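A structural walkthrough
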Amino acid sequence: MTKRMLIMLGAVVLLVALLALGFFLHIRQLMASAPKPGPQTVSSTIVRKVDWQPHLSSVGTMVAVRGVDVTTEIAGLVRTINFKSGQDVAAGKLLVQLNADADIAQLRALEAAAELAASVLARDRQQFAVQAISQAQIDSDLADLKSKQALAAQQAALVQKKTIRAPFAGKLGITTVNPGQYLNPGDKIVTLQTIDPIYVDFYIPQKNLSGLQVGQVLNLSSDAYAGVAFAGKVSAISSKVDPTTRNVQVEATVANPKRQLLPGMFANVNVEVGDKKLYLTLPQTAITYNPYGSTVFVVYPASQAPKPATASAPAASASAPAAPPPKAGDLVVQQVFVTTGETRGDQVAVLTGLTEGQQVVTSGQIKLKNGSPVVISNVVQPLNNPRPTPQEQ
């Protein structure tokens, strides 16, 4: 019985082995008959050195050179409003007149009392000249006069506070105050902003502080005016660095004759720093960013392609179909590590890894590996604009 079971078990094992061998031979035949991979179609560009103006980019906020919410210092009833919303006004322009009738009447009474004290002082001085009164009376009269004059001056200042004027020249905002409305101290009447010129405040990292100085030229743009560039100059650099972000605040003055830029708007700021440099430049699409470094694919004629290092090349499977060897006139690619620098628009500066005149793949890299044959087609090229602008849809 045991002998028969062993014979059956051996037969099953032999059958499984024959089936596995047949399956392996069939797969090998299919792989051998598979079509050989052909050259991949890619686009390319020639590495060139171009002038590169270093710059710092930041997002800033527009701030008025002078800006204030005009308020009232004392309470009162609005009698007249002497401006229109959005109006340009000069310094000292009358804006709002509060009701001051009672205060003016009180001022007249105090002025009359001061005039009477002055007359009393003048008579007593005449009497003092003939030794009719003492010096003490003259001193009392003089103190009384000064006290009444001070009360009159205080009341005159109170009356003046009910006449609200523009503290400086600028453009008014929109008011919601109406004649007959009662205002409390501190109530906002209207906003007043001086916006030509106008400031832009922005922050830069502390590592870039050495390349920035007062008077440097900058350009800014706002999405409110697409395609319009505004020129300005750095006017102030903060005397301290924010210990939380390690950024330093910078203020620049921008000409705004058309009043297009308004306080509170954000703007994209570009500050030119240092002298122009020559950099090898590529479209950003040519760079493949990986955790182990940035790479590009360089195009070579098959006869001039460098041989990949044997130690780093993976061993080919005995059953995998080999790619056909490239012919003498074919183009092949080799992957090269590069060090990238600054970016501007669609471009990136390449610091190491390439030389001027090399041909680099700009699109289609995902299909490539070392030694892959390629066909160059530049019918469609990736964007390579140092200053791209939004395109209308």
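Here's what I pulled together on the structure shown here. (Residues numbered from 1 in each chain as written. Predicted model: local features only at pLDDT ≥ 70, side-chain atom pairs only at ≥ 80, totals over all residues. Heavy atoms only, no water.)

Looking at the overall build of the chain
Looking only at helices and strands, one finds three helices and 21 strands in the chain. Expected size for 393 residues packed as a compact globule is a radius of gyration near 21 Å; at 43 Å, the chain overshoots this value by more than 25%. Judged by the C-alpha coordinates and their principal axes, the chain covers about 155 × 70 × 45 Å. Every one of the 393 residues in the chain was classed for burial, and the buried ones make up 30%. The long-range share in the chain, meaning contacts at least 24 apart out of those at least 6 apart in sequence, stands at 79%. Carbon and sulfur atoms provide 57% of the accessible area of the chain, an area that totals close to 24,200 Å². In the chain, the 34 positive side-chain charges and the 25 negative ones have mean positions that sit 18 Å from each other. (Helix = DSSP H or I, 4+ residues; strand = E, 2+ residues; numbered from the N terminus. Rg over C-alpha atoms; globule rule 2.2 N^0.38 Å. Buried < 20%, exposed > 50% of the residue type's maximum accessible area, 1.4 Å probe, protein only. Contact = heavy atoms within 4.5 Å. Areas by Shrake-Rupley, 256 points an atom, 1.4 Å probe, with all protein chains shown as cover. Lys, Arg positive; Asp, Glu negative; His and termini not counted. Charge placed at Lys NZ, Arg CZ, Asp CG, Glu CD.)

Here's the deal with the pattern of salt bridges
For the structure shown, the criterion picks out six salt bridges. One salt bridge connects Arg79 with Asp101, and the closest N-O pair in it is separated by 2.6 Å. A residue pair is termed long-range when its members are at least 10 positions apart, and Arg79 in strand 4 (residues 76-81) and Asp101 in helix 2 (residues 101-129) qualify at 22 residues. A salt bridge links Asp144 to Lys148, with the shortest nitrogen-to-oxygen separation between them at 2.7 Å. Of this pair, Asp144 and Lys148 are both found in helix 3 (residues 135-161), four residues apart, which corresponds to roughly one turn of the helix. The class for Asp144 is partly exposed, based on a relative accessible area of 33%. (Salt bridge = Lys/Arg side-chain N within 4 Å of Asp/Glu carboxyl O.)

A word on the sheet that holds strand 7 (residues 163-165)
If you trace the four strands from one edge of the open sheet to the other, you get 7-6-4-9, paired in antiparallel fashion. Since the sheet does not close on itself, it has two edges, and those belong to strand 7 and strand 9 (182-183), each with one partner. Where strand 4 and strand 9 come together, two bridges link them in antiparallel fashion. Within strand 9, the residue paired with Leu77 across the bridge is Tyr182. (Pairing = 2+ DSSP bridges.)

Thoughts on the pairing of strand 1 (residues 40-46)
Bridge count between strand 1 and strand 21 (residues 373-376): three bridges; the pairing is parallel. Bridged to Val42 within strand 21 is Ile376.

Notes on the pairing of strand 21
For strand 18 (residues 331-344) and strand 21, the ladder comprises two bridges, and the chain directions are antiparallel. Its bridge partner lying in strand 21, Leu331 is registered against Val374.

As for the packing of helix 2 against helix 3
Relative to each other, helix 2 and helix 3 sit at 160 degrees, their axes nearing to 8 Å. The orientation of helix 2 relative to helix 3 falls into the category roughly antiparallel. Between helix 2 and helix 3 lies a crossing of left-handed hand. (Axes fitted to C-alpha atoms, helices over the stretch in contact; angles between N-to-C directions. Parallel < 35°, antiparallel > 145°, perpendicular 65-115°, else oblique. Left-handed = near helix turned anticlockwise from the far one by under 90°.)

Some remarks on the packing of aromatic side chains
What the rule picks out here adds up to three aromatic pairs. With centroids separated by 5.9 Å and ring planes inclined at 75 degrees, the aromatic side chains of Tyr292 and Phe337 adopt a geometry described as edge-to-face. On the criterion of sequence distance, the pair formed by Tyr292 in the loop between strand 16 (288-290) and strand 17 (293-301) and Phe337 in strand 18 is long-range, its members being 45 residues apart. Here Tyr292 matches Phe337 in class, with each residue exposed. (Phe/Tyr/Trp six-rings, centres within 6.5 Å; stacked < 30°, edge-to-face > 60°.)

Section: the environment of Gly76
Examined against the element boundaries, Gly76 turns out to sit in strand 4. Placed 21 residues apart in sequence, Gly76 and Gln97 show a C-alpha to C-alpha distance of 9.3 Å. Excluding anything up to four places from it in sequence, Gly76 contacts Leu98, Gln181, Tyr182 and Leu183.

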